[in-house]
Amino acid sequence: MPKGVTKRRPITVAALLDAALALFAEQGFGATSIAEICARAGLTKGAYYSNFGDKDELFLALFDREWTVRLERLRLALPSGGDPVATLSDPALLPSVVDEAERRWLLVSAEFGLHAVRRPALARMLLEHEARGRAALAALLTEALAAAGRVPLLPVEDLTRLIVTVVEGENLHTLTENAAGYAESTTARWELVETLMNRLSAPGGDTDD
């Protein structure tokens with residue numbers, strides 16, 4: 001591959017991902033064509049197919065990018081030797097559909113999840129990507145708890161899954177409430193995460209309930 005093409009590839013991929021995310025949020029994953037993605041990105045179909053085989057593959061790349069951004073934000077926010085409970089329950093850190101970028105991602109990821117449910121092979125691929133993301137989050141959580149002198153009262157993988165489920169589930173519920181014209185109540189989401197962390201971790205060596 002020519003050297004110039006190699007240098008341009010990350011720029012091309014980023015442009016395709018940005019265009020796809022915008023279109024998926026605007027009109028839906030199923031309703032968006034590859035041709036529309038290329039047109040929005042200002043690229044050819046050849047550029048698309050040199051990086052992605054289909055829309056499913058492109059979404060999985062989007063998924064990985066979104067998780068990378070969230071993990072880096074969390075890694076920078078978690079205090080060294082501080083209180084991970086306070087950090088993980090901070091409304092300024094946890095994603096909320098009040099933020100337009102988070103709202104768009106929630107719309108897109110929820111639709112793709114249903115799309116994958118009807119396609120077993122794709123569902124397995126999506127679960128693999130989700131598992132990698134949660135494993136990376138579990139590693140961060142383990143380090144943060146250890147630095148704060150706390151231990152999880154259940155496998156950290158299960159604690160991580162609970163936190164992810166609470167945040168994503170509450171955000172989806174809030175998105176529905178917003179669509180119905182209700183004002184968002186942010187308190188419950190953060191309090192649920194804080195309760196999970198406080199009840200399911202303890203000072204080091206103290207595992208009594």
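Refer to the structure above for everything that follows.
Calculation rules
- Residues numbered from 1 in each chain as written.
- Predicted model: local features only at pLDDT ≥ 70, side-chain atom pairs only at ≥ 80, totals over all residues.
- Heavy atoms only, no water.
- Phe/Tyr/Trp six-rings, centres within 6.5 Å; stacked < 30°, edge-to-face > 60°.
- Buried < 20%, exposed > 50% of the residue type's maximum accessible area, 1.4 Å probe, protein only.
- Lys NZ or Arg CZ within 6 Å of the ring centre and 35° of its normal.
- Salt bridge = Lys/Arg side-chain N within 4 Å of Asp/Glu carboxyl O.
- Helix = DSSP H or I, 4+ residues; strand = E, 2+ residues; numbered from the N terminus.
- Contact = heavy atoms within 4.5 Å.

*Asks:* Help me get a handle on the packing of aromatic side chains, residues and values and all.
*Replies:* According to the stated counting rule, one finds nine aromatic pairs in the structure shown. Plain terms: the ring middles of Tyr48 and Phe52 are 5.8 Å apart, the flat faces sit at 55 degrees to each other, and that makes the pair tilted. Each of the two residues, Tyr48 as well as Phe52, counts as buried. Put simply, the rings of Phe24, Phe29, Phe59, Phe63, Trp67, Trp105 and Phe112 pair up and form one aromatic cluster. Of note, Lys55 hangs over the ring of Phe29, and the distance from its end group to the ring centre comes to 4.5 Å.

*Asks:* Which residues make up the pattern of salt bridges, and what values go with them?
*Replies:* Within this structure, the stated rule accounts for six salt bridges. Residues Glu66 and Arg70 are paired through a salt bridge, measuring 2.7 Å at the closest nitrogen-oxygen approach. Within this pair, Glu66 and its partner Arg70 are both found in helix 4 (residues 55-77), separated by four residues, close to a single helical turn. Taken individually, Glu66 and Arg70 each receive the classification buried, so the pair is uniform in this respect. With a closest N to O distance of 3.7 Å, Glu100 and Arg103 form a salt bridge. Taken together, the residues span about one helical turn, with Glu100 and Arg103 both in helix 6 (residues 100-117) at a distance of three residues. The exposure class assigned to Glu100 is partly exposed, which follows from its relative accessible area of 44%. Residue Arg103 is classed as partly exposed on the basis of its relative accessible area of 33%. Each of Glu66, Arg70 and Glu102 takes part in one network of salt bridges that share partners.

*Asks:* Quick rundown of the environment of Trp67? Include the residues and the values.
*Replies:* Its place among the elements puts Trp67 in helix 4. Measuring from C-alpha to C-alpha, the distance between Trp67 and Leu137 comes to 9.2 Å, with 70 residues separating the pair along the chain. Setting aside residues no more than four positions away along its own chain, Trp67 makes contact with Gly133, Arg134, Leu137 and Val164.

Don't take any of this as a statement about function, it's just geometry.
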